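Remarks on the overall topology
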Amino acid sequence: MSTIRVDAKVVMLGKESVGKTSLVERYVHHRFLVGPYQNTIGAAFVAKPIQLGEKVVTLGIWDTAGSERYEAMSRIYYRGARAAIVCYDLTDSSSFQRARFWVKELQNCEEVIEQVLYVLYHILKWETLKVGFFLSSVNNGPRLHTILFVALQQCKIYLCGTKNDLITADRSLRQIDYHDAQDFAEEIGAQYFETSSKTGNNVDELFHKVAEDYNNAAFQFMSEESGVDLGQKKDSYFYSCCHNN
Amino acid sequence: MSQRRGIHVDQSDLLCKKGCGYYGNTAWHGLCSKCWREEYQQVRQKQIQDDWALAEKLQREEEAAYASTQGTQSQSQAAASQTHPAPPSLGPFSKFEEKKTNEKTRKVTTVKKFFSSSSSRTPKKETQEGRTISPSINRHTSLEMDQVSKDFTEFLKNLHKPGREILKQCRVFIMNVSSKKELKADELSECVQDFYQNMADRLTGHFKGSSESVEQVMDQVEKYIMSRMYKVAFCPETTDDERKDLAIQKRIRELHWVTIQMLCVPIEEEIPEVSDKVVNAITDIIEMDSKKVPQDKLGCIKRCCKHIFSAIRSTKNEPASADDFLPALIYIVLKANPPRLQSNIQYITRFCNPSRLMTGEEAYYFTNLCCAVAFIEKLDAQSLNLSPEEFERYMSGQASPRFHSAEGEQHRAEAGATNPVLEQLNHNLEQLTGLIARQERLVEAAQSMQADLLSWPECVQREVDNILEEYPLEILPRTVAAIDAHDVDSDRLPHPLTPQVCAQ
């Protein structure tokens, strides 16, 4: 199949018409509102490879429907996401309230599993197998590796104020103070960006940061993994199989 | 876009029924994971113990097996007869001890043993066991399956030794699974997922981290395993998938009156190009049910979504965002009412290779489909911007949103004309009548042509006869004249000149 391998899932969250799609469009195709649209049929899912030094990280960028009628379903979307870009319109204070809502949602979702795993791995110092059995017996629902996958790969939050160009043109349009947003971002441990899809201001920086963070986290994860001795086990597994047959 | 008003799905519906503030989940009977756990503590307690016992046992067996392979290569059962210390910190263990003695007779043990990631030193034993338990599996392979197996072995040939290893592992796995009839869907799913996981890990080791090759092989493995296991794995009797299928099917039928406008879908079906794409999308989503391998099913979903995207593009002339796409997908699902929708979703969730289901493009579409189904299940008056009374009337079939109160009384008379479904029906009927007439004409023409063809040789014959009659062939006696024969004509010629002597 001709699908591009995606390393990290990135979800775009935010009220409708805050410019999630434009942001992606600007980043991937370097254009704003005007064509040429001939070669894309949809901007809802984009796989974008990013060069980081010698490595290439492919981000799978998921656009989500911002309408409140789909709010209840939003958790389906950010399951397994490595990064969430929570967007709001700098000129619309209601969109900032919605952004707060999403941040809360995201944190809810992660915290529980994360804490459990932290205890299992680092305090009780369990092995992966043991953790797996434990988790599968806890609720019998989600599978071991799915949980591990979700939990070990923390979903980073990026707060993004859009339509910066409107502010630069007319300062009175700004509804959310820069420092308020900055404070909020710090409080939730997020990175804060103010972007303009029209001028392209800060857009590349945002996505580059996402990819960079992912890469660093992945590196950390790798070294952690060898800490719980997964690698060693697998080798002997393979070895013994070949000899048994 | 501004016409889309805010609609809330009531948050309290999603919260845990016990009111602890966390979100509930239908899979847990509306409870959150925590409350569900408490609720089913008693039931689960046993399960947990079993798993513990198993984990412990495996650990020991593994060590013993490892030791024995290092030493004599004999597959001793020493580990099984060992005594196990009770696992720490978990409930009453009197039962547990008794369980342990029964363990050998429990079929689950062998499967789990095989799948658990580190108990890999037993494949040989498993192979033999598997063959004796279920030799019949190969007999039931249909042509299609043969084809799948053939493709798979062809593919693995390129991998040489590891290829044979992979094939063997897969076969053993399938035999093991098919011999355990009483496996629950979730357990089966876990087995398969563990198998994928192990296989992927080993392949990563083998290919030295080249993820493309790993994925290629994993795709083939999935294809092989799942087409073999489809019968057991799809919509198993142990789950209520079938009930859910019927429920969503009924639900979609009841919602037949939902219009494009209510969902704010940016698709204009009047444009022929667009309506073609809508039809294609519907066909693709329906086709999903006919596929056996999860990735093929995902492929169908992907194609369906691509059609939706191009339909939106043709309408709006700009790329579709998720704000356009999701409502459109909901609309397509409502129109298509795909067969066994829930079963298919469950099947994909349970048995698809997780790396595919987590991040890629197909995952995106699949997630959207899940979202669409969730929306349809929860759909109420608010989410369509209707008043509850209206919604009720539409649901009960007393009214149809197509002809609204504005038209008053006359709408009933015009029903045939205004209702697009009826219109379509009439149109189709007309077309059919037209087709019948054309066909009759065609048949007539064909018959007359046949008659013509039959009479043609006669005609030709007659003509030939006529001509022959008219110009009978007469063979005249042939007169051969000798060159020096007496010629009549030459008499009339003047005499040849005679030489005269001229006087001088």
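All of the points below concern the structure found in this document. (Residues numbered from 1 in each chain as written. Chains lettered and ligands numbered in written order. Predicted model: local features only at pLDDT ≥ 70, side-chain atom pairs only at ≥ 80, totals over all residues. Heavy atoms only, no water.)

1. As for the overall build of chain B
Counting its regular elements, chain B contains 23 helices and zero strands. For chain B, the residues scored as buried account for 44% of the 504 residues in total. Taking contacts inside chain B between residues at least 6 apart in sequence as the whole, the part at least 24 apart equals 69%. For chain B, the accessible surface area stands at approximately 28,900 Å², while carbon and sulfur atoms represent 54% of it. (Helix = DSSP H or I, 4+ residues; strand = E, 2+ residues; numbered from the N terminus. Buried < 20%, exposed > 50% of the residue type's maximum accessible area, 1.4 Å probe, protein only. Contact = heavy atoms within 4.5 Å. Areas by Shrake-Rupley, 256 points an atom, 1.4 Å probe, with all protein chains shown as cover.)

2. Some thoughts on the sheet that holds strand β2 (residues 45-52) of chain A
As summarised here, the arrangement of the six strands in space is β2-β3-β1-β4-β5-β6 (chain A), forming an open sheet in which the pairing is mixed. Each edge of the open sheet carries a strand with a single partner, namely β2 and β6 (191-194) of chain A. Strand-to-strand twist of the sheet, defined as the mean angle between neighbouring strand axes without regard to direction, takes the value 25°. As judged from the eight bridges shared by β2 of chain A and strand β3 (residues 55-63) of chain A, these two strands associate in the antiparallel manner. Bridging across to β3 of chain A, I50 of chain A finds its partner in V57 of chain A. Along the sheet, helix α19 (residues 361-378) of chain B makes contact with β2 and β3 of chain A, crossing β3 of chain A at roughly 20°. (Pairing = 2+ DSSP bridges. Axes fitted to C-alpha atoms, helices over the stretch in contact; angles between N-to-C directions.)

3. A few points about the pairing of strand β4 (residues 83-89) of chain A
Residue and element names in this part refer to chain A. Summarising burial for β4: seven of the seven residues are buried, a large majority. By the alternation rule, side chains of β4 split into A83, I85, C87 and D89 and A84, V86 and Y88, which are all buried. The sheet contact formed by strand β1 (residues 8-14) and β4 spans five bridges and is parallel. Bridge pairing in β4 links G14 to C87. Inspection of the sheet shows β4 paired to strand β5 (residues 156-162) by seven bridges, in the parallel sense. Paired with A83 across the two strands is K156, which belongs to β5.

4. Some details on helix α12 (residues 241-254) of chain B
Look at α12 of chain B: 20 Å from first C-alpha to last across 14 residues, which is about the 20 Å you get at 1.5 Å a residue. Packing partners of the buried residues in α12 of chain B comprise α16 (322-336), α17 (341-351), α19 and α20 (388-396) of chain B. (Expected span 1.5 Å × (residues − 1).)

5. Quick word on the environment of A81 of chain A
For A81 of chain A, the position within the fold is in the loop between α2 (74-78) and β4. Taking C-alpha positions, A81 of chain A is 4.8 Å from K9 of chain A, a pair spaced 72 residues apart along the chain.

6. Some words on the pattern of salt bridges
For the structure shown, the criterion picks out 22 salt bridges over all chains. Residue K156 of chain A is joined to D213 of chain A by a salt bridge in which the shortest nitrogen-to-oxygen separation is 4.0 Å. Taken together, the residues span a long stretch of sequence, with K156 of chain A in strand β5 and D213 of chain A in helix α8 (residues 203-227) at a distance of 57 residues. We classify K156 of chain A as partly exposed; its relative accessible area is 37%. Taking the relative accessible area as the measure of exposure, D213 of chain A reaches 10% and is therefore buried. Across the salt bridge formed by K250 of chain B and E254 of chain B, the nearest N and O atoms sit 3.7 Å from each other. With K250 of chain B and E254 of chain B both in helix α12, this residue pair falls four residues apart, about one helical turn. Taken together, the salt bridges that share partners define one network made up of D284, E287, K291 and R303 of chain B. (Salt bridge = Lys/Arg side-chain N within 4 Å of Asp/Glu carboxyl O.)

7. A word on the packing of α12 of chain B against α17 of chain B
Residue and element names in this part refer to chain B. Interaxial distance between α12 and α17 falls to 6 Å at its minimum, and their mutual angle equals 135°. The orientation of α12 relative to α17 falls into the category oblique. Residues D241, E242, K244, D245 and I248 of α12 form the contact with α17, whose own contacting residues are L341, Q342, S343, Q346 and R350. Of the residues assigned to the contact of α12 with α17, the class counts are two nonpolar, three polar and five charged. (Parallel < 35°, antiparallel > 145°, perpendicular 65-115°, else oblique. Nonpolar A, V, L, I, M, F, W, Y, C, P; charged D, E, K, R; others polar.)

8. Section: the side chain of T64 of chain A
If you trace the backbone, T64 of chain A turns up in the loop between β3 and α2. Polar side-chain contacts of T64 of chain A include one of 2.6 Å to the backbone oxygen of M12 of chain A. The residues touching T64 of chain A, leaving out its near neighbours within four places in the chain, are M12, L13, K20 and Y77 of chain A together with A322 and D323 of chain B. (Polar contact = N/O pair within 3.5 Å; in protein donor to acceptor, adjacent residues only side chain to side chain.)

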